[in-house]
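The primary structure of each chain is shown beneath.
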Amino acid sequence: MPELRLCDNRRFLHPQGRLMNPEDLLLLVTREMPYGKYKGRLIADLPGHYLNWFAREGFPKGEIGRLLMLMQEIDHNGLKPLLEPLRRKR
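Just so it is clear, the structure is predicted and the values come from calculations on it, not from any experiment. (Residues numbered from 1 in each chain as written. Predicted model: local features only at pLDDT ≥ 70, side-chain atom pairs only at ≥ 80, totals over all residues. Heavy atoms only, no water.)

How should the overall build of the protein be read in this particular structure?
Helix and strand counts for the protein stand at 4 helices and 3 strands. What you see in the protein, going N to C, is helices and strands ordered as β-β-β-α-α-α-α. Each of the 90 residues in the protein was classed as buried or not, and the buried ones make up 31%. Across the protein, the fraction of contacts at a sequence separation of at least 24, relative to all contacts at a separation of at least 6, is 40%. A total accessible area of about 6000 Å² is found for the protein, and carbon and sulfur atoms account for 53% of it. (Helix = DSSP H or I, 4+ residues; strand = E, 2+ residues; numbered from the N terminus. Buried < 20%, exposed > 50% of the residue type's maximum accessible area, 1.4 Å probe, protein only. Contact = heavy atoms within 4.5 Å. Areas by Shrake-Rupley, 256 points an atom, 1.4 Å probe, with all protein chains shown as cover.)

Below you can see the structure in the form of structure tokens.
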């Protein structure tokens, strides 16, 4: 598995070169999908086929796109259980 490299004091550099903010993981279990078929569902609870559709067709711009991209990678790599401690903190 590729490792995340520390880029500065708060962010990590994703292997594909994108910056990842650790706080984004908490947003996955608190932010709801703002539109579409799964409007109102937590980003962390979106089905894999929906996330994969965005990966094929293109992610939206801005924060929602960044979160969907992160969730798709987590789901695709079977890492959803890593979000459980964050869910329990809520």
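Which parts of the structure should I look at to understand the nonpolar core?
Within soluble globular proteins, side chains that are nonpolar generally end up buried alongside one another. Ranked by internal contacts, the top residues of the largest apolar core, which has 18 residues, are Leu 28, Met 33, Ile 43, Leu 46, Leu 68 and Met 71. If you list the elements that add at least two residues to this core, you get helix H1 (23–28), helix H2 (48–57) and helix H3 (62–76). Here this core takes 6 residues from H3, the largest share from any one element. Look past the residues within four positions of Ile 43 in its chain and what remains in contact with it is Leu 28, Arg 31, Glu 32, Met 33, Ile 64, Leu 67, Leu 68 and Met 71. (Core = buried A, V, L, I, M, F, W, Y, C linked by side-chain atoms within 4.5 Å.)

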